There are 4 protein chains.
Amino acid sequence: MHDFRSDNVAGAAPEVVSALATASIGSASPYGADPLTARVTERLSAIFETNVAVFPVATGTAANALALSALVPAYGAVYCHDDAHIMVDECGAPEFYTGGAKLVPLPGANGKLTPAAVTRAITRAGVGVVHKVQPAALSLTQATEAGTLYTPAEVEALVEAAHSNGVAVHMDGARFANAVARLGCAPADITWRAGVDVLTLGGTKGGCLAAEAVVFFNPAMAEDFGFARKRGGHLVSKTRFLSAQLDAWLTDDLWLRLARHANAMADRLAAGLRDRPGVEIAYPVEANELFVRLPETTITALETAGFQFYRWDDALVRLVTAFDTPAAAVDAFLEIVAASQEKA
Amino acid sequence: MHDFRSDNVAGAAPEVVSALATASIGSASPYGADPLTARVTERLSAIFETNVAVFPVATGTAANALALSALVPAYGAVYCHDDAHIMVDECGAPEFYTGGAKLVPLPGANGKLTPAAVTRAITRAGVGVVHKVQPAALSLTQATEAGTLYTPAEVEALVEAAHSNGVAVHMDGARFANAVARLGCAPADITWRAGVDVLTLGGTKGGCLAAEAVVFFNPAMAEDFGFARKRGGHLVSKTRFLSAQLDAWLTDDLWLRLARHANAMADRLAAGLRDRPGVEIAYPVEANELFVRLPETTITALETAGFQFYRWDDALVRLVTAFDTPAAAVDAFLEIVAASQEKA
Amino acid sequence: MHDFRSDNVAGAAPEVVSALATASIGSASPYGADPLTARVTERLSAIFETNVAVFPVATGTAANALALSALVPAYGAVYCHDDAHIMVDECGAPEFYTGGAKLVPLPGANGKLTPAAVTRAITRAGVGVVHKVQPAALSLTQATEAGTLYTPAEVEALVEAAHSNGVAVHMDGARFANAVARLGCAPADITWRAGVDVLTLGGTKGGCLAAEAVVFFNPAMAEDFGFARKRGGHLVSKTRFLSAQLDAWLTDDLWLRLARHANAMADRLAAGLRDRPGVEIAYPVEANELFVRLPETTITALETAGFQFYRWDDALVRLVTAFDTPAAAVDAFLEIVAASQEKA
Amino acid sequence: MHDFRSDNVAGAAPEVVSALATASIGSASPYGADPLTARVTERLSAIFETNVAVFPVATGTAANALALSALVPAYGAVYCHDDAHIMVDECGAPEFYTGGAKLVPLPGANGKLTPAAVTRAITRAGVGVVHKVQPAALSLTQATEAGTLYTPAEVEALVEAAHSNGVAVHMDGARFANAVARLGCAPADITWRAGVDVLTLGGTKGGCLAAEAVVFFNPAMAEDFGFARKRGGHLVSKTRFLSAQLDAWLTDDLWLRLARHANAMADRLAAGLRDRPGVEIAYPVEANELFVRLPETTITALETAGFQFYRWDDALVRLVTAFDTPAAAVDAFLEIVAASQEKA
């Protein structure tokens, strides 16, 4: 039975695997001085409609922590949502890479920050006061940890709250593809056109084996990044093997096609669950994650049937779909739910 | 023409690529809780004839820096060779991961440390003196940066110089396979049986795409390692894709077969160069690297012919062979050398 | 008019200054190997009724951050009150000294943590989960930032919540003297007898020029501390000049006598303010700090009269008394308050 | 008998102690917002004939490490003499404060660096190569650890070697007063006029209790320094007590008068030792330190007589004079030397 625990339990897309095989033959310059890496930069510059500086790395935690380290001094504060991955799931990697900056968690409904909360936090921070960590970065997650999305206008308003106070903006885009696929907007609309300074674009959850890209919309900000990446041990010597993944993933909209499938599977789950008695979907389903309260008997029935998922909090269950989630698995899941309710 | 710049310009072995393709299908637990990762630990425990704790990561720099961070406090000193990769080629990654420990370079002929130099350094370090960084680790490189090897007895003597002073021993094994292949010893003989505490076993240069393993012979030393790895952004979410590489590479002695080929190509180069007039091989050729002084006309002829290699220092040229270096490329190289000398 | 902004606006006690003058003559071994430093350890061992390891430093921020660094790995979590000095007033010094540990703020009425809040935070932290920072230390402030106190029983219950989960306990004692003076207990009762592992004992606010002591009740925990202190630049070369201050301050209960005066002045302020219309004392007055809501006209009248104090939050004013606060200054303050109200 | 181990075994100058006593009365703004601190900046601006940014701290190690952290990124290299205090006597404090930068020791006769050595190191460093730490700072010690001096022209030439390669220059001036007193030059001549960017000016060894000043000649470089100092725990809350020391020490040339005495006592020692049989003065005596090879019998006789000094290396003895070294102590020392030789 299917594993809905996370999109990182998924395998890798055949196109990506095939590109790796092709890239595995013959010599190439190491450390990113290869043609595939150059091509990834070109592709991303085209996709984002601006010249970007691109740094492939192997993990999302590295991408986030390194990106933040480019924006934040050791005495800086990073504002993020209470539930942000950088806050709760990276074992302090951002603190490590920034030399001990402070992450300041902010509340927000549906996993989303509000400009008011950001403004309030910054204005109370004690700018210029030597005893206080100094506002330095705002980190947005798109799609959020709650499976919701910021619209372009929402991103823009959040950036404005940050930039007007001299605070840079990072976007954790581990599921950026899901966001773009759903919003139907240009990738630029929710990044640099809305003012985002640096994006960590996640390929791994979207169909790569292990490939993320730190994307700077203002290449000047990336001046020291190469050294930071090397020093963190994240300059892969045969970088072409990261780039081959990203290149294939970004070709012919594969990244968006895979994301659309994942989103569609989440929708299918949501549609099948929405009006069931005793079932409550906790947040709007806007990407490929579903948080849902289920009756205990239903949870047990699903587990007995072999489905895997995380219990987030008591009755709250998280279901994540991926590029390779079969519709049949969703349907089988829904059947168990239905059956468990008929019995009850 | 062939690229002899480094073994990281090589591609990847077909067996490894094929294993990745196989592993790419279907779900698996993330973060190393998958069967392939378990199998790598089993394989390495068998290969090393003892239970080891294994942590796959994507780069050698990460493997080295993380391994050292498990041995060394921030106020510690790490003794290594003047030319050690951790000293000169990692942009301070060991300093970063240890919280600012000090690398103390020691001289040594043919890229090799001597017990006397190690003992002298430790005894002059000021043990217990609060103003001095404290001796904490010795890092050996096997094969060395000069393409030479430590025999089991040499490793043992160096470890003794360290351990008798309470100093732990790390081995940078980016080219460990080449060493084992050449020495014909058991892997244990140059590691834990000789007293080495932790090995960074390099797969990338030996035929993987990007896969290294930190191998602890004393698992108690690895207690905090999982947190350090995560915090460094080196816990790959789909870890199976690192493990699939290592698993294939370690199966049926593939790692040693590939290393033997690389070593043989270095021998072939050395044999063809050794008695040439004006040619001087700087160090014993014991692994897959050759440092050779060539007449300037010869260097120019080779470059003109399209061969790639690094000039280490004026007339000193480094040639590195790999698992996929064709014998024909070696022969073509030697022909150019011969031709350039006939002309002169 | 008087400056009630903080007890660090005060000068230094004559006994302490005099001891410095005496100590300034002649030679002494540097770096703490002098007789005065030995005597401070003796005095503190007597005062605490147990053998303590003592490390004098010049600032409270250093004392706190270094003490925490002895308890907490870089991947550790430190639990503290929302308003703790280490959380809000040290510009990330604890993060710096611990290599980037995470401070986890907990709420609590009257500036005090509760065992329930501590237990809840630890049990939800994800012990052993590699993605989560690991519970490592609880930091209590005594007297608290709200000018309140933990009783011995309260300290004991908090320590139990920590220790039963393998979490060490630090006490920020910048105003420890005020706490002991008020509680009338043995210093041991609110420290090691209640389970506290390490105390930062503040001399500066209590009448020294610049002298704090990190006091380990379990000297084994201090093993690396000397190196950490040196490395942080906090090993004062002429350490006798820190020790001379502490020695004088700890002689004949001077530290308690000075604290009693400060406390009495806070009481005098509280007594004069308590039943005034429109005046509200925010927290119990248990040490030498008073948080009070005053009518805006009263605040203006006080400022016009030349009194200095901090506005904490709108109408909330903080008044801090010190060892040298004259009773007359308190009375003058209260007269302005009274006069401003008669006018209104 | 006298203690010649170091100038940090000395007490404090009466003028400095007296200033502390005066400063101890009454209130003052904390954290450096007091009149004495402002006056120190004025005095130093006058002494250096330019507007300087001044940050008092309590230790030389902190002053050095913090100053370097303002010049050097974590991936930077700091060039210094083999024997520099920052290299061998600070337990890695510069590494700690810079986030793990690498100190690169360079040889040089008489404790002095040469422009050629600096240039050679920088040009071989691999500027722009991501695998290499990047040249960032040159640290000069004035007076040097060998008790020698750089002339203004020598400083200028060294600075040129650094600046022409984009490398900033720090001067460790723990014994800067001794240098100025001897050279008879303007303080500006061996600092900013010669191009030095930041000086750590040592008061402690020269007659203060514990007071050093980080002096930026280009205040723009000090932009983040206040945060770094706070974060390191080096912002003393009652900063006036550091400033009172420095203010008194800098008044009416006291700093130079005290240094002249120390220098004269070193000269007196040198004069008495110079032509003795079996005695060899290792380096030119240009400040207040003397390195001298003595016959073992003489060393024993001196120790028996109760004199204290460090054996630097076998027969090499270091003698340090201070502001309070009595001429009689020097003469008594010389008498023992003479007597021990007559016996022999």
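Bear in mind that the values here come from a model prediction, so they are computed numbers and not experimental data.

Asks: Explain the overall build of chain A here, please?
Replies: The secondary structure content of chain A amounts to 13 helices and 11 strands. The C-alpha radius of gyration of chain A comes to 20 Å, within 12% of the 20 Å expected for a compact globule of 344 residues. Oriented by its inertia axes, the alpha-carbon framework of chain A measures out at about 60 × 55 × 30 Å. Within chain A, the proportion of its 344 residues that are buried is 63%. Residue pairs in contact within chain A that sit at least 24 positions apart in sequence constitute 75% of those at least 6 positions apart. Working note: accessible area of chain A is about 11100 Å², and carbon and sulfur atoms make up 53% of it. When the 26 basic and 37 acidic side-chain charges of chain A are each reduced to a single mean position, those positions are 3 Å apart.

Asks: What am I meant to see in the interface of chain B and chain A here?
Replies: By a widespread convention, an interface's size corresponds to the accessible area lost as its parts come together. Opposite the 47 residues of chain B that make contact, chain A presents 47 residues. It is F96, R231 and K238 of chain B in chain B that bury the most area against chain A; as a group they hold 20% of the surface buried on that side. Taken together, chain B and chain A are joined by 36 residue pairs in polar contact (both at pLDDT 80 or more). When residues in the side of chain B that touches chain A are grouped by element, the largest group, 4 residues, is from helix α5 (residues 93-98) of chain B. Class assignment of the residues belonging to the side of chain B that touches chain A gives a composition of 22 nonpolar, 15 polar and 10 charged.

Asks: Please clarify how the sheet that holds strand β3 (residues 102-106) of chain B should be interpreted in this entry.
Replies: Each strand in a sheet pairs with its neighbour through backbone hydrogen bonds, running either in the same direction (parallel) or in the opposite one (antiparallel). Residue and element names in this part refer to chain B. If you walk across this open sheet you meet the 7 strands as β1-β7-β6-β5-β4-β2-β3, and the pairing is mixed. Only two strands of the sheet have a single neighbouring strand rather than two, namely β1 (53-57) and β3. For this sheet, the mean angle separating the axes of adjacent strands, direction not counted, is 20°. With 4 bridges joining them, strand β5 (residues 168-173) and strand β6 (residues 198-202) adopt parallel strand pairing. Bridge pairing in β6 links G173 to L201. Against the sheet, helix α6 (residues 115-123) engages β2 (76-81), β3 and β4 (134-141), with an angle of about 135° to β3. Most of the contacts of helix α7 (residues 152-163) go to β5, to which it runs at about 140°, and overall it touches β4 and β5.

Asks: What exactly am I supposed to notice about the interface of chain B and chain C here?
Replies: On the side of chain C, 18 residues touch chain B, which itself brings 18 residues to the contact. Between chain B and chain C, roughly 1400 Å² of surface is buried when both sides are summed, and carbon and sulfur atoms account for 65% of that area. Looking only at chain B, the three residues that lose the most surface to chain C are Y75, F227 and R231 of chain B, adding up to 46% of its buried area. Between chain B and chain C we count 0 salt bridges in total. Seen at the junction of chain B and chain C, the total is 10 residue pairs in polar contact (both at pLDDT 80 or more).

Asks: Help me understand helix α12 (residues 296-304) of chain A in this model?
Replies: One full turn of an α-helix is made of 3.6 residues, so residues set three or four places apart face in the same direction. All names here are of chain A. Those residues of α12 not exposed but buried are T298, I299 and L302. One side of α12 holds all its buried residues, which, seen down the axis, span an arc of 100°. Turning to α12, the residues buried within the fold contact β10 (310-313), β11 (316-320) and α13 (327-343). G306 lies just past α12 and shows a positive phi near 100°.

Asks: Can you walk me through the packing of aromatic side chains in this structure?
Replies: To describe a pair of aromatic rings, one takes the distance between the centres and the angle between the planes. A full pass over the atoms with the stated rule returns 67 aromatic pairs over all chains. Note on F48 of chain A and F217 of chain A: the rings are 5.2 Å apart at their centroids and 70° apart in plane angle, and the pair reads as edge-to-face. Taken together, the residues span a long stretch of sequence, with F48 of chain A in helix α2 (residues 35-48) and F217 of chain A in the loop between β7 (212-216) and α9 (225-231) at a distance of 169 residues. Residue F217 of chain A is classed as buried on the basis of its relative accessible area, which comes to 10%. Both rings, one in F55 of chain C and one in F225 of chain C, keep their centres 4.5 Å apart while their planes meet at 50°; by these two values the pair is tilted. Highlighted residues: F55 of chain C in strand β1 (residues 53-57) and F225 of chain C in helix α9 (residues 225-231), separated in sequence by 170 residues. Overall, F55 of chain C belongs to the buried group, its relative accessible area being 13%. Three or more aromatic residues joined by ring pairs make a cluster, and in this case those are F48, F176, F217, W249 and W255 of chain A.

Asks: So what exactly am I meant to see when it comes to the relation of the copies chain B and chain A here?
Replies: Both copies of the chain are related by one operation, a rotation about an axis with a shift along it. The two copies are related by a screw operation: chain B maps onto chain A through 180° of rotation and 0.0 Å of translation along the axis, at an RMSD of 0.0 Å. Such a combination of rotation and displacement between the chain copies is what one expects of a two-fold axis. Of the residues that chain B buries at the interface, 100% are likewise interface residues in chain A, meaning the two copies contact each other through the same surface.

Asks: What is the right way to look at the relation of the copies chain B and chain C in this model?
Replies: Expressed as a screw operation, the relation of chain B to chain C combines 0.0 Å of axial shift with a rotation of 180°, fitting to an RMSD of 0.0 Å. Comparing contact sets, 100% of the residues at the interface of chain B also lie at the interface in chain C, consistent with an isologous, same-surface contact.

Asks: How should the environment of D7 of chain C be read in this particular structure?
Replies: Along the chain, the position of D7 of chain C falls in the segment before α1 (14-23). In this structure, the C-alpha to C-alpha distance between D7 of chain C and T37 of chain C, residues 30 residues apart in sequence, is 25 Å. Here D7 of chain C is in contact with R175, K205, N288, V320, T321 and A322 of chain C together with K238 of chain D, once residues within four sequence places are set aside. Here the side chain of D7 of chain C touches S6 of chain C through a polar contact of 3.3 Å, side chain to side chain. Here the side chain of D7 of chain C touches R175 of chain C through a polar contact of 2.8 Å, side chain to side chain.

Asks: Looking at this structure, how should I read the packing of α6 of chain B against α7 of chain B?
Replies: The relative placement of two packed helices is expressed as an angle between their axes plus a distance between the axes. Residues and elements named next belong to chain B. Orientation of α6 relative to α7, taken along the N-to-C sense of each, is 10°, at an axis distance of 9 Å. Judged by the inter-axis angle, α6 sits roughly parallel to α7. In this structure, α6 uses P115, V118, T119 and I122 to contact α7, whose residues at the interface are A157, L158, A161 and A162. Residue composition of the contact of α6 with α7, by class: 7 nonpolar, 1 polar and no charged.

Asks: Would you mind showing me how to read the side chain of N263 of chain D here?
Replies: With respect to the element layout, N263 of chain D can be found in helix α11 (residues 254-273). For N263 of chain D, the residues in contact, after removing those within four places along its chain, are N178, A181, R182, A287 and N288 of chain D.

Asks: Would you mind showing me how to read the packing of helix α8 (residues 176-183) of chain C against helix α11 (residues 254-273) of chain C here?
Replies: Residue and element names in this part refer to chain C. Two elements in contact, α8 and α11, have axes whose closest approach is 8 Å; the angle formed by their N-to-C orientations is 80°. Relative to α11, α8 is oriented roughly perpendicular. Facing α8, whose interface residues are F176, A177, N178, V180, A181 and R182, α11 presents W255, L256, A259, R260, A262, N263 and D267.

Asks: What am I meant to see in unusual backbone geometry here?
Replies: Trans is the common state for peptide bonds, and a negative phi is the common state for residues other than glycine. That bond from Q142 of chain A to A143 of chain A is cis: its omega, -10°, falls within 30 degrees of zero. Within the secondary structure, A143 of chain A sits in the loop between β4 (134-141) and α7 (152-163). We note that Y31 of chain B has phi near 60°; this positive angle belongs to a residue other than glycine. Inspection of the secondary structure assignment puts Y31 of chain B in the loop between α1 (14-23) and α2 (35-48). With phi around 60°, E49 of chain D is a residue other than glycine that occupies positive phi space. With respect to the element layout, E49 of chain D can be found in the loop between α2 (35-48) and β1 (53-57).

Asks: It is not clear to me how helix α7 (residues 152-163) of chain C should be interpreted in this structure. Could you clarify?
Replies: All names here are of chain C. Here α7 spans 16 Å end to end across 12 residues, near enough to the 16 Å set by a 1.5 Å rise per residue. Among the residues of α7, those classed as buried are V155, L158, V159, A161 and A162. The arc enclosing the buried residues of α7, seen along the axis, measures out at 155°, which places them on a common side. Looking at the packing, one finds that the buried side of α7 touches α6 (115-123), β4 (134-141) and β5 (168-173).

Asks: Honestly, the environment of G203 of chain C in this entry has me stumped. Any pointers?
Replies: Residues and elements named next belong to chain C. Along the chain, G203 falls in the loop between β6 (198-202) and β7 (212-216). Considered as a pair, G203 and I336 are 133 residues apart in the sequence and their alpha carbons are 32 Å apart. With residues near it in sequence (within four places) discarded, G203 still touches C208, A211, E212 and W249.

Asks: When you look at the domain arrangement of chain A in this model, what are you seeing that I'm missing?
Replies: All names here are of chain A. In terms of domains, chain A is made up of domain 1 (10-252) and domain 2 (254-343). Between the C-alpha centres of domain 1 and domain 2 there is a distance of 28 Å. Opposite the 31 residues of domain 1 that make contact, domain 2 presents 24 residues. For the pair domain 1 and domain 2, the summed buried area comes to about 2200 Å², and 56% of that belongs to carbon and sulfur atoms. Taken as a group, R175, N178 and R182 account for 24% of the area that domain 1 buries against domain 2, more than any other trio of residues on that side.

The rules behind these values
The residue count restarts for each chain, going from 1 along the sequence in the order it is written. Both sets of labels track the order of writing: A upward for chains, 1 upward for ligands. Residue-level local features of this predicted model are given only where pLDDT is at least 70; pairs of side-chain atoms are given and counted only at 80 or more, and the full residue set underlies all totals for whole chains, interfaces and linings. As a rule here, side-chain values cover all heavy atoms of the structure and leave hydrogens and water aside. Each helix is a run of DSSP H or I of at least 4 residues and each strand a run of E of at least 2, with the numbering of both proceeding from the N terminus. Throughout, radius of gyration means the C-alpha value; the globule benchmark is 2.2 Å times the number of residues raised to the power 0.38. Think of it in three bands: residues with accessible area under 20% of the maximum for their type are buried, residues over 50% are exposed, and the middle band is partly exposed, with areas taken using a 1.4 Å probe on protein chains only. Working rule for contacts: check all heavy atoms of both residues, and any pair within 4.5 Å makes them a contact. Accessible areas in this description were obtained via Shrake-Rupley with a 1.4 Å probe; residue shielding takes into account the shown protein chains only. When charges are counted, Lys and Arg contribute as positive and Asp and Glu as negative, whereas His and the chain ends are disregarded. Here the site of a charge means NZ on Lys, CZ on Arg, CG on Asp, or CD on Glu. As used here, buried area is the combined drop in accessible area, with a 1.4 Å probe, of two parts when they are placed together. A 3.5 Å cut-off defines polar contacts: any pair of N or O atoms within that distance qualifies, except that in protein one atom must be a possible hydrogen donor and the other a possible acceptor, and neighbouring residues in sequence count only when both atoms are side-chain atoms. Note on residue categories: nonpolar means Ala, Val, Leu, Ile, Met, Phe, Trp, Tyr, Cys or Pro, charged means Asp, Glu, Lys or Arg, and polar means any other residue, Gly included. Strands were regarded as paired on the criterion that DSSP finds at least two bridges between them. Axes here mean lines fitted to C-alpha atoms, for a helix over just the part in contact, with angles spanning 0 to 180 degrees between N-to-C directions. For this document, the term salt bridge refers to a Lys or Arg side-chain nitrogen within 4 Å of an Asp or Glu carboxyl oxygen. It is the directions from the helix axis to the C-beta atoms whose arc is reported. Aromatic rings from Phe, Tyr and Trp, with only the six-membered ring used for Trp, were paired whenever their centres fell within 6.5 Å, and each pair was classed as stacked if the ring planes differed by under 30 degrees, edge-to-face if by over 60, and tilted otherwise. A residue counts toward the fit only if its pLDDT is at least 70 in both copies, and the copies are then superposed by least squares on the C-alpha atoms of those residues. In these notes the angle categories are as follows: under 35 degrees is roughly parallel, over 145 is roughly antiparallel, 65 to 115 is roughly perpendicular, and the rest is oblique. Given the number of residues in a helix, its expected span is that number minus one, multiplied by 1.5 Å. What counts as a domain boundary in this text is fixed by an automatic or database domain assignment.

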